[in-house]
Amino acid sequence: PELYIGGEFSIDPATLQPQTRAVPGGWAIPAKPIRFSVGRFAMLAALDLLVKEGARVLLPDYLCEAQVAILKKYGVEFQFYRLKEDLTPDFESLRKWQKDHTAIVVINYFGLIDMEKVGQSLRHGFPKADLVADCAQEPFNIPPLDLYRFAYTSLRKVLPVPDGAELYGRDL
C-alpha cells in the first residue's frame, strides 16, 4: 500500500465493531450506524434525504465552512439561523425561516450543549420539524433519536484515527 502525508487516509470500517452502547438517560445508541469517511458526508446524506422529502434546511450561523461548501456543491439549499450567546438556537430566528417541513441542524459545540434539553425545547416549539444533531465534536454522546431524526459524528475530531464518521437515525 502507498503511504500519503496529509488528512486523506482511509480505514476499513470492519475494524469498527458495531455494538449497542448504553449511555446516560437510559437509552442506547443504535448498533449499526451508516459509516462515512468524514462527518460532512454523513450530514449530506441525512439532509439530502430530508430535502427530497420537501424540508427546508436550517443551519446555525456558526459552523465549519467545509459543511457549507459540501451542501453548496451538491445543490442542497439552506438558510442560516442565529445562535444565542450560549450557542443554542435562537427561536425567533428559526421562526423566520420555518415552513411546513423544516430540518433544523443543531450542533453540540465542543460537547457543551445539553442536546436532550435543546431537542425537547425545539420539539415543543417546532413540533413538525425534523431535528438533526451534529455531534462531530462529541461523538460518544448521541442524543435520543426520539427527539432527533438523525445524528452524525466525526470520529477523527477526537480519536487518533485518519477518518471515520457515523450517521445514526431512527429510519436507518
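Computed from a prediction, not measured in an experiment: that's the story for all the values here. (Residues numbered from 1 in each chain as written. Predicted model: local features only at pLDDT ≥ 70, side-chain atom pairs only at ≥ 80, totals over all residues. Heavy atoms only, no water.)

Peer 1: Describe a nonpolar patch on the surface, with residues and values.
Peer 2: Taken together, Tyr62, Phe110 and Leu112 make up a surface patch of nonpolar side chains, about 390 Å² in accessible area. For Phe110, the position within the fold is in the loop between strand 6 (102-107) and helix 4 (115-125). Phe110 sits in the exposed class, given a relative accessible area of 53%. (Patch = residues over 30% accessible without salt bridge, like charges linked within 9 Å, V, L, I, M, F, W, Y side chains within 5 Å. Areas by Shrake-Rupley, 256 points an atom, 1.4 Å probe, with all protein chains shown as cover. Salt bridge = Lys/Arg side-chain N within 4 Å of Asp/Glu carboxyl O. Helix = DSSP H or I, 4+ residues; strand = E, 2+ residues; numbered from the N terminus. Buried < 20%, exposed > 50% of the residue type's maximum accessible area, 1.4 Å probe, protein only.)

Peer 1: An account of the packing of aromatic side chains is needed here, citing residue identities and associated values.
Peer 2: Under the defined criterion, the tally for this structure stands at three aromatic pairs. Aromatic pair Phe91 and Phe126: ring centres 5.3 Å apart, planes at 55°, arrangement tilted. Taken together, the residues Phe91 in helix 3 (residues 91-97) and Phe126 in the loop between helix 4 and strand 7 (130-134) connect sequence positions 35 residues apart. A relative accessible area of 22% means that Phe91 is categorised as partly exposed. (Phe/Tyr/Trp six-rings, centres within 6.5 Å; stacked < 30°, edge-to-face > 60°.)

Peer 1: Outline the environment of Lys52, supporting the account with residue identities and numerical values.
Peer 2: Tracing the chain through its elements places Lys52 in helix 1 (residues 39-52). For Lys52 and Val76, which are 24 residues apart along the polypeptide, the C-alpha to C-alpha distance reads 9.7 Å.

Peer 1: Give me the lowdown on the side chain of Asp134, citing residues and values where you can.
Peer 2: Tracing the chain through its elements places Asp134 in strand 7. Setting aside chain neighbours within four positions, we find Asp134 in contact with Gln67, Val105, Val106, Ile107, Asn108 and Tyr152. (Contact = heavy atoms within 4.5 Å.)

Peer 1: Please give an account of the side chain of Thr153 that cites residues and values.
Peer 2: Mapped onto the secondary structure, Thr153 falls in the loop between strand 8 (150-152) and strand 9 (165-169). Relative accessible area serves as the criterion here: at 0%, Thr153 is assigned to the buried category. When residues no more than four places from it in sequence are discounted, the contact partners of Thr153 are Gly39, Cys135, Ala136, Pro139, Ile142, Ala165, Glu166 and Tyr168.

Peer 1: Any details on helix 1? Residues and values, ideally.
Peer 2: Helix length check: helix 1, at 14 residues, gives a terminal C-alpha distance of 20 Å against a target of 20 Å (1.5 Å per residue), a fit within 8%. When we look at burial in helix 1, the residues that qualify are Gly39, Ala42, Met43, Leu44, Ala46, Leu47 and Leu50. Downstream of helix 1 by one or two residues, Gly54 has phi in the positive range, about 100°. (Expected span 1.5 Å × (residues − 1).)

Peer 1: Break down helix 4 for me, citing the residues and quoting the values.
Peer 2: Every buried residue of helix 4 is accounted for by Met115, Val118, Gly119 and Leu122. Seen end-on, helix 4 carries its buried residues on one side only, within an arc spanning 100°. Among the exposed residues of helix 4, those oriented more than 90 degrees off its buried face are Lys117 and His124. Looking at the buried residues of helix 4, the elements they touch are helix 3, strand 6 and strand 7. (Arc of directions from axis to C-beta.)

Peer 1: Outline the sheet that holds strand 3 (residues 34-36), listing residues and values.
Peer 2: Spatially, the seven strands line up as an open sheet ordered 3-9-8-7-6-4-5, and their pairing is mixed. Since the sheet does not close on itself, it has two edges, and those belong to strand 3 and strand 5 (78-81), each with one partner. Neighbour-to-neighbour, the strand axes of the sheet open up by a mean angle of 20°, direction not taken into account. Relative to strand 9, strand 3 runs antiparallel, the two sharing three bridges. Residue Arg35 lies in a different strand from strand 9, and its bridge partner there is Glu166. The strands touched by helix 1 are strand 3, strand 4 (56-60), strand 6, strand 7, strand 8 and strand 9; relative to strand 8, the strand with the most contacts, the crossing angle is about 165°. (Pairing = 2+ DSSP bridges. Axes fitted to C-alpha atoms, helices over the stretch in contact; angles between N-to-C directions.)

Peer 1: I'd like a description of unusual backbone geometry, backed by residues and values.
Peer 2: Even without glycine at this site, Leu87 takes up a positive phi of about 70°. Along the chain, Leu87 falls in the loop between strand 5 and helix 3. Its relative accessible area of 24% is what places Leu87 among the partly exposed residues.

The values reported here are purely geometric and, on their own, carry no functional implication.
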